[in-house]
2 protein chains.
Amino acid sequence: MWNTKDKYMSEKTIKELGEFGLIKKLTEDVVPMHVSTRKGIGDDAAVFDFGNNETVLTTDLLLEGIHFDLMYVPLKHLGYKAVVINLSDVVAMNAIPRQITVSIGISAKMTFAALEELYTGIKLACKTYNVDLVGGDTSSSMTGLVISITATGIATPGTVVYRNGAKVNDLICVSGDLGASYMGLALLQREKKLFEEDSSFQPKLDGYQHIIEKQLKPEARNDILVSLQKLEIQPTSMIDISDGLSSDLLHICTESKVGCRLYADKIPMHEETEKLASSMNIGSLVAALNGGEDYELLFTVPVDKYEKLQQEHQISVIGHITEASEGTKLVLSDDNTVPLTAQGWRAENGW
Amino acid sequence: MWNTKDKYMSEKTIKELGEFGLIKKLTEDVVPMHVSTRKGIGDDAAVFDFGNNETVLTTDLLLEGIHFDLMYVPLKHLGYKAVVINLSDVVAMNAIPRQITVSIGISAKMTFAALEELYTGIKLACKTYNVDLVGGDTSSSMTGLVISITATGIATPGTVVYRNGAKVNDLICVSGDLGASYMGLALLQREKKLFEEDSSFQPKLDGYQHIIEKQLKPEARNDILVSLQKLEIQPTSMIDISDGLSSDLLHICTESKVGCRLYADKIPMHEETEKLASSMNIGSLVAALNGGEDYELLFTVPVDKYEKLQQEHQISVIGHITEASEGTKLVLSDDNTVPLTAQGWRAENGW
């Protein structure tokens, strides 16, 4: 990895390096790993040979003050997360991430050392997920930090999973646990507020490692794709949960022209999520349904796969698909049924 | 194209539409044209089947206040240019543009009608260059407008042209004319300044259509690729001129480990470029060498193609490649020779 302790480099200013020098320095340790990457950084464009695979492409734009607050997001984590949210979209197509490009708008207050931190996180994510950093763009920014990442992935022809394939009676499944990232953010925001009121205040984050990690350093669930392949289960539809379970399940229902019955007491939640939600008087179900940023996989599988699914404890069955005419329903723990509505918070508060 | 006169839509605010509604409205008339586009807008990622082709991928980040000034750049032109500069990078690899993604950070002051204008330009470029708009991301921006575009292209295996293939004695060629975009910007900036000093001032742009168009609505030179193919000429190296002839020719020399002799009086310039440069006391050679944003193709071809090149008046031979030990030289009109140095203005002033 990039040596952030290199004193000489840390003292170099971004202006001194210039655009080309900057990219070169930040990426000099980047070596393409994949045979599909014919040419990485250093030409007008990257070049790939994807062979007989289908290719997927996704992109996300992250803006300071909208998607992240540098006060409580370490730059290394920010770089890591910025990559992961793109890879999560690739994985949600049932594809294997392969390459990314990274474009950065650099605000005047950023030092070269800060950029190195950001790239350390970006390159760590590349290493973790076995993807090649193949290009991008850098620019000065009049205002805040801008991060735009594009990711590619490959899939064997015929295996890509869309949002529109859910069938009546299919089981609705989700990986991991939900609502943790939202509660992690709520905790960080609470502690930031207390710090702003009293600068001698020490943030209390003990006992909340899981929810903070889900917020600051989420992972793409490519491991779930591997599990599903081992179980010989091909999902009929899939999406990653970025906006919240409600919103993203409604995307599947709308695109697949079906309804759903989602069971509130089947939704997997971590004990830290429930504990903090309780102490902050936030309903944990609200966090799980509408919180977003979980980056877990939400998918549907034929009902005859129910037995097989029991072998993978990382997957929970949380409901089933119905006829569109039956609507999109949430079944509460008292067996009362309410309409499922989208209340994603992404546009206002988050990624 | 999008109907910008639809009164009902013009009155809708961006907030009312929300992120999903906004993308849907802006792209509802977008229909993929290419068989390689298996899935466009509407899922976690776009899906392609590139068959036996090699694929290229490039991306650019454009920020308000750094890369464009909304005071003299009409939004429709901005959208068009933002696409074209990416397609120009694809073309510079000797590849055919196929798909783009567009991510937009929207400042609070932007209306839906303004966004429509931007997208009208984006979609016009897609139509002109026969590329599919397949996805992207939208977000609110705390500050200025942010545009991040990624473009794909395809090439028959073995035909991609890199920066590093120039050989000693190769001819250095350039398409179109140089320096026009820089002089167009100089004109727009001069008129803006006069307007700011006296708001009753009417900008005088008559007689400078070519240089203004090169600045506001440049084109990617895919037509030159077609000409070269007809002439059965495969360039040995190629780059598009975004930073300026000097800087971009030096990229080719550095990557190819060669030197060059560039002849000042062979550099093609439009009469408007020379006329305005003269009236503003700017050396037109400086504009051609260092101006940038020409988006013309700079390439090298074997010397035995000289006769064939004469058939294409859009291509000028401006020098030749030498041994690296001979250095990178500019031959002036008085036969004096000076070192060629990069003085691209991109990082400070331009795209």
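One can find the structure itself at the top, above this paragraph.
Residues numbered from 1 in each chain as written. Chains lettered and ligands numbered in written order. Predicted model: local features only at pLDDT ≥ 70, side-chain atom pairs only at ≥ 80, totals over all residues. Heavy atoms only, no water.

Q: Can you break down the interface of chain A and chain B residue by residue, with the values?
A: Listed per partner, the contact involves 60 residues of chain A and 60 residues of chain B. Across the interface of chain A and chain B, roughly 4,700 Å² is buried in total on both sides, 53% from carbon and sulfur atoms. If you sort the residues of chain A by the area they bury against chain B, Asp44(A), Leu57(A) and Leu61(A) come out on top, with a joint share of 15%. Counting the contacts that link chain A with chain B gives 6 salt bridges. (Contact = heavy atoms within 4.5 Å. Buried area = accessible area lost by both parts, 1.4 Å probe. Salt bridge = Lys/Arg side-chain N within 4 Å of Asp/Glu carboxyl O.)

Q: An account of the sheet that holds strand 9 (residues 259-263) of chain A is requested, with residue identities and associated values reported.
A: All names here are of chain A. The 7 strands are arranged 8-10-7-11-9-12-13 in an open sheet whose pairing can be described as mixed. Unpaired on one side and paired on the other, strand 8 (237-240) and strand 13 (337-339) mark the two borders of the sheet. Averaged over all pairs of adjacent strands, the angle between strand axes in this sheet comes to 25 degrees, irrespective of strand direction. (Pairing = 2+ DSSP bridges. Helix = DSSP H or I, 4+ residues; strand = E, 2+ residues; numbered from the N terminus. Axes fitted to C-alpha atoms, helices over the stretch in contact; angles between N-to-C directions.)

Q: Can you tell me about the environment of Leu262(A), naming the residues and giving the values?
A: Counting through the fold element by element, Leu262(A) comes out in strand 9. Sequence-wise, Leu262(A) and Val317(A) are 55 residues apart; in three dimensions their C-alpha atoms are separated by 9.5 Å.

Q: So what about helix 4 (residues 112-129) of chain A? Which residues, and what values?
A: Owing to its 3.6 residues per turn, the α-helix aligns residues three or four sequence positions apart on the same side. End to end, helix 4 of chain A covers 26 Å across 18 residues, agreeing with the expected 26 Å (1.5 Å per residue, within 8%). Where burial is concerned, most of helix 4 of chain A is hidden: 13 out of the 18 residues are buried. (Expected span 1.5 Å × (residues − 1). Buried < 20%, exposed > 50% of the residue type's maximum accessible area, 1.4 Å probe, protein only.)

Q: Give me the lowdown on empty space enclosed by the protein, citing residues and values where you can.
A: Per the counting criterion, the structure on display carries 1 cavity of 30 Å³ or more. Volume-wise, the largest cavity comes out at about 50 Å³. In terms of lining, the largest cavity is formed by Phe48(A), Phe50(A), Thr55(A), Val56(A), Leu57(A), Thr152(A), Phe48(B), Phe50(B), Thr55(B), Leu57(B) and Thr152(B). Those elements that provide at least two residues to the lining of the largest cavity are strand 3 (54-63) of chain A together with strand 3 (54-63) of chain B. In terms of residue count, strand 3 of chain A provides more of the lining of the largest cavity than any other element does, 3 residues in total. Here the residues of the lining of the largest cavity are counted per class, giving 7 nonpolar, 4 polar and no charged. (1 Å grid on protein atoms, 1.4 Å probe; cavity = no way out; pocket = protein on both sides within 12 Å on 5 of 7 lines; lining within 4 Å. Points joined across faces, edges and corners; volume = space filled by probe spheres on them. Nonpolar A, V, L, I, M, F, W, Y, C, P; charged D, E, K, R; others polar.)

Q: How would you explain the sheet that holds strand 11 (residues 315-322) of chain B if you had to name every residue and give the values?
A: Residues and elements named next belong to chain B. Pairing within the open sheet is mixed, and its 7 strands lie in the order 8-10-7-11-9-12-13. The open sheet has two edge strands, strand 8 (237-240) and strand 13 (337-339), and neither has a second partner. Across the sheet, the axes of successive neighbouring strands diverge by a mean angle of 25 degrees, strand direction being ignored. Packing of helix 7 (residues 222-230) onto the sheet brings it into contact with strand 7 (171-175), strand 8, strand 10 (297-301) and strand 11, and relative to strand 10 it is tilted by some 20 degrees.

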